[in-house]
Amino acid sequence: MNVAAPHPQEHVRIELEEGEALHVLHPKAIVAFRGSPASREDRVMDLPNAYRKRKWVRSKLTGPAEAVLGLPVECSLTVVDIAEDSDLLFNFRHVLFYTDGLEMKSRIQKIRTAWITREWVRMRFSGPGKLGVVTAGAMASLPLSPDVPVFAEAGSLVAYPEKADVRLSVYGNTLASQHMGVQWQLTGRGPILIQCGGTDSGLRDHLNGDGIVKRLLRELLPFGGVYIK
């Protein structure tokens, strides 16, 4: 399978060779298709996955074929190689497609982790195969350590190892901890995947020329971001 994505990413072009197959979890993302009409087969998802994806239908594309998938504005696609022994747990909403042969299993989260993440189930994929992951902005990978924690903004974490220790936390001094969003503190072994789309509206205001006084008042006053526009 060959995947080509331009920069900035507005679409993804996928070429499938003879015998290759791809499952697209958002069929309406397929904006163009070249190949035999019989090479596309839409199927109804099983109930649990339909609930998690808020989608009832997925498409199976079989090569030889070529497809163009449209992406939401300001989103990027990263193709992740999934090894046979991969233990990454993915937030299913980020998965756009996966290659035929990947094994997908639901993993019930520990009560403590589910309370922190508000996610009772994450998906584990076993390879070998490829996973198409859509994120807000680019996606980055960071290695975990058993001794030195990694702190990740709660809404930015796309995937983490199943055996990682996940805790609710803040970090830094008092001013830092009072002005940051909920953070995940992770320790363990293996990589985590995070989306890097801008979550800091203050940075956008700064780039748009917002005044320094307004920015300081928003950051320093209680509920400044609510009352000071």
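Within an unreviewed UniProt entry, the label attached to the protein reads AIM24 family protein, and the organism entered is Cohnella fermenti.

## Re the packing of aromatic side chains
Taken as a whole and assessed by the stated rule, the structure comprises 4 aromatic pairs. When the ring of F90 is compared with that of F125, the centres are 6.0 Å apart and the planes differ by 80°; the resulting orientation is edge-to-face. Of this pair, F90 sits in strand β9 (residues 88–90) while F125 sits in strand β12 (residues 121–126), placing them 35 residues apart in sequence. Using a relative accessible area of 1% as the deciding quantity, one classes F90 as buried. Measuring from centroid to centroid gives 5.6 Å for Y160 and W184, while their planes differ by 70°, and the two rings are edge-to-face. One end of the pair, Y160, is in strand β16 (residues 157–161); the other, W184, is in strand β18 (residues 183–187), with 24 residues separating them in the sequence. Grouping residues by exposure puts Y160 and W184 together as buried. Among the aromatic residues, ring-to-ring pairing joins F90, Y98 and F125 into one connected group.

## A few points about the side chain of T99
Here T99 is to be found in strand β10 (residues 95–99). In this structure T99 comes out as buried when scored by relative accessible area, which is 11%. A polar side-chain atom of T99 sits 2.9 Å from the main-chain amide nitrogen of K130. Contacts of T99, omitting those with residues within four sequence positions, involve M1, A21, L22, H23, G129 and K130.

## Some remarks on unusual backbone geometry
Geometrically, the link from G63 to P64 is a cis peptide bond, its omega value of 5° lying close to zero. Cis geometry marks the peptide bond from G127 to P128, where omega comes out at 5°. Counting through the fold element by element, P128 comes out in the loop between β12 and β13 (129–136). In this structure, E74 is a non-glycine residue whose phi angle is positive, near 70°. Looking at the secondary structure, you find E74 in the loop between β7 (65–70) and β8 (75–82).

## A look at the pattern of salt bridges
Tallied over the full model, the rule gives 9 salt bridges. Of the charged contacts in the structure, one is a salt bridge between R43 and E41, with a shortest N-O distance of 3.3 Å. What emerges from the salt-bridge pattern is a single network uniting R13, R34 and E66.

## Details of the pairing of strand β2 (residues 11–16)
Only one face of β2 is buried, namely the one carrying V12, I14 and L16, since none of H11, R13 and E15 on the opposite face is buried. With 6 bridges connecting them, β2 and β7 associate as antiparallel partners. Its bridge partner lying in β7, E15 is registered against E66.

About the thresholds
Residues numbered from 1 in each chain as written. Predicted model: local features only at pLDDT ≥ 70, side-chain atom pairs only at ≥ 80, totals over all residues. Heavy atoms only, no water. Phe/Tyr/Trp six-rings, centres within 6.5 Å; stacked < 30°, edge-to-face > 60°. Helix = DSSP H or I, 4+ residues; strand = E, 2+ residues; numbered from the N terminus. Buried < 20%, exposed > 50% of the residue type's maximum accessible area, 1.4 Å probe, protein only. Polar contact = N/O pair within 3.5 Å; in protein donor to acceptor, adjacent residues only side chain to side chain. Contact = heavy atoms within 4.5 Å. Salt bridge = Lys/Arg side-chain N within 4 Å of Asp/Glu carboxyl O. Pairing = 2+ DSSP bridges.

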